[in-house]
Amino acid sequence: MNQFAVKRRTGLSIVGHSSRGRRALRVCLLAAVAAVILAPAQTAPAGEPRYISTFAGSGVAGFNGDGLPGRSTALYLPQDGTFGPDGHFYFLDWNNHRVRRFIVSEDIVEAVVATGELGDAQDGPATAIRLNHPTGVCFDKQGRMLIAAWHNSKVKRLDFATGLVTNVAGTGARAYGGDDGPANAARIDLPSSVVEDSLGNLCISDQANFRLRRVDANGNIATFCGSGVAGFSGDEGLASAATLRSPVGQAAAPAGRIAIDSQDRIYIADTGNHVVRRIDTDGMIRTFAGTGGQAGYSGDGGPATAAKLNTPSDVAVAADGTVYIADTMNNAVRKVAPDGTITTIAGSGIQGFTGDGGLGKDARLNRPYGVAIGPNGVVAIADTFNHRLRLLTEAPVQSGPPVEDPEIDIVACTGEVGSICTYAGTGLPGFNGDGKDRQRTYLYWPFDMEFTPSGRVYVLDWNNHRVRQVMPNQEFVTVMGTEFVGDGPGNLSDQSAPGAPGLTINLNHPTDLQEFPSGELLVINWHNHKFRQLDPQT
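Residues numbered from 1 in each chain as written. Predicted model: local features only at pLDDT ≥ 70, side-chain atom pairs only at ≥ 80, totals over all residues. Heavy atoms only, no water.

**Side note on the packing of aromatic side chains**
When we look at a pair of aromatic rings, we describe it by the centre distance and by the angle of the planes. Scanning all chains against the criterion turns up 19 aromatic pairs. Measuring from ring centre to ring centre gives 5.9 Å for tyrosine 76 and tyrosine 444, while their planes differ by 40 degrees; the resulting arrangement is tilted. Here the residue tyrosine 76 occupies a position in the loop between β3 (68–69) and β4 (78–83), and tyrosine 444 occupies one in the loop between β30 (430–431) and β31 (446–451), the gap between them amounting to 368 residues. Both residues of the pair, tyrosine 76 and tyrosine 444, count as buried. Look at tyrosine 90 and phenylalanine 139: their rings are 5.0 Å apart centre to centre, the planes differ by 70 degrees, and that puts the pair in the edge-to-face class. Residue tyrosine 90 is located in strand β5 (residues 89–93), and its partner phenylalanine 139 is located in strand β9 (residues 136–139); the two are separated by 49 residues in the primary sequence. Clustering of aromatic rings is evident, with ring pairs tying together Tyr76, Tyr444, Trp445, Phe447, Trp462 and Trp526. Just above the ring of phenylalanine 353 sits the side chain of arginine 388; from NZ or CZ to the centre is 3.6 Å. (Phe/Tyr/Trp six-rings, centres within 6.5 Å; stacked < 30°, edge-to-face > 60°. Helix = DSSP H or I, 4+ residues; strand = E, 2+ residues; numbered from the N terminus. Buried < 20%, exposed > 50% of the residue type's maximum accessible area, 1.4 Å probe, protein only. Lys NZ or Arg CZ within 6 Å of the ring centre and 35° of its normal.)

**Considerations on empty space enclosed by the protein**
Inspection of the entire model under this criterion finds four cavities of 30 Å³ or more. Approximately 70 Å³ is the volume attributed to the second largest cavity. In this structure, the second largest cavity is lined by 13 residues; those nearest its centre are Ser205, Gln207, Leu244, Ser246 and Gly256. At the level of secondary structure, the elements contributing two or more residues to the lining of the second largest cavity comprise β15 (202–206), β16 (211–215) and β20 (266–270). (1 Å grid on protein atoms, 1.4 Å probe; cavity = no way out; pocket = protein on both sides within 12 Å on 5 of 7 lines; lining within 4 Å. Points joined across faces, edges and corners; volume = space filled by probe spheres on them.)

**Digging into the domain arrangement of the protein**
Interfaces are often described in size by the accessible area the parts lose on coming together. In terms of domain boundaries, the protein breaks down into domain 1 (30–38 + 45–393) and domain 2 (436–534). Centre-to-centre, using C-alpha coordinates, domain 1 lies 31 Å away from domain 2. Taken together, the 24 residues of domain 1 in the interface contact 18 residues of domain 2. Between domain 1 and domain 2 the total buried area reaches about 1400 Å² when both faces are included, carbon and sulfur atoms providing 59% of it. Broken down residue by residue, the surface that domain 1 buries against domain 2 is led by Tyr76, Leu118 and Gln250, which jointly contribute 34%. Between glutamate 483 and arginine 367 there is a salt bridge whose closest N-O contact spans 2.7 Å. (Domains from an automatic or database assignment. Contact = heavy atoms within 4.5 Å. Buried area = accessible area lost by both parts, 1.4 Å probe. Salt bridge = Lys/Arg side-chain N within 4 Å of Asp/Glu carboxyl O.)

**Points about the state of the cysteines**
Covalent bonding between the sulfur atoms of two cysteines defines a disulfide. The final tally for this structure, using the stated rule, is one disulfide. Across a sulfur-sulfur distance of 2.0 Å, cysteine 413 and cysteine 421 are joined as a disulfide pair. Its torsion about the S-S bond being 70 degrees, the disulfide of cysteine 413 and cysteine 421 is classed as right-handed. Of all cysteine sulfurs in the structure, the one in cysteine 138 sits closest to cysteine 203, which takes part in no disulfide; the separation is 9.7 Å. Cysteine 225 takes part in no disulfide bond, and the closest cysteine sulfur, belonging to cysteine 203, lies 10 Å away. (Disulfide = S-S within 2.5 Å.)

In structure tokens form, the structure reads like this:
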């Protein structure tokens, strides 16, 4: 093991102190966080979780290995998580295509499922399989992990006793079919989450089919909510006749996650309708929070059914019946008390990253996509576009000083024939922004590079889903792509004249590019199944 690895593994990444002081400070911080998260449920504080801190994620989008302290670990758009039976926090490191866990007692992050390479979610040893953007994780009553493998259109199960991952539902075909037959032969489309009820049935949010599906103890699947038509209808009626709405297709973002309470009532983040709905044990569906079809931010201090939400993506239920909502596009987490009153407990509504150590409601979040409840009442937040996991606790927990940037090893060019040197990238997969020197810019699996006849230099930054250009001053800029994977702008205006600006186009793993004699750029959008053309002048 090299010195750098030892240094990072032991957590000496806190700046502004001697190494002994950094170690002591980290131990104190770790003890504080562990005391909060690992406190047994019976000693849970009477007060509500109000103060926010960061427990994992450096804020850099990328992957810098396992075994590092939580706040030294790079994450990439973490989506959701849950506290496991062992007390550790398991989460989806979405654009790193992994399930990882934060080991509270050691303050380290490690991979549990998948290699991080893109793949089709075949069965096999947990650390050897390949996933494609997993979005949901939970545990069944036997302690086995259930994974909603979103872009794989499968639900997987990990048995910790054997270390093997096997399929539970879905063939991988993004379609709808198979009701009343074996779940493994059924077709599901973007399963975003899965939960287990008290009878051992699995409930799956089949996002792009606008349905909830149930897998019984015999392994058979059936629809129990949603007609399959996008819409907002059916309240006070049978859930099977209701309509739901979530984004679909290559342009979709994860949505429509579900949670279940101790009474087997199912809560649905009905994302596209800007509401949370509940299916009661009599099979009837009702709106629980939000005003159907109306995005907004209002209602704190009043009835949840009169409030407005904006793209709620996840929901979690505490033991006392309190419901927490990841109100994604409001950059907030909302709480609905057992009496039906809604309040904001995290996020000021302004997009950004601030507030650690202070009140959650004064902090800034950046489009949180996930929320989870710990056994002692703490609230974990997937602060997705800040590439961090944050925690709400009854008492303040200081996150500590910033972590230092990793070392970069640049192989200098010598000009010698046959020699090799670093032209671009740092060797660390990720994204650290534009406007940096090409040798100080993070890339994530760059797939193609073109020195064009016009003199421009382009790089396909594959797992960052971007086309980037090396400018004459040797700095990188993005010319096509956004901070999210997808397909075009939301209105798909790139499909007709005059087109759409390159920086509004979501891409999904572009693989090749060529420059036309006119100077326009042809980009092959692999997972979008499209060819796109970019005019660099406009």
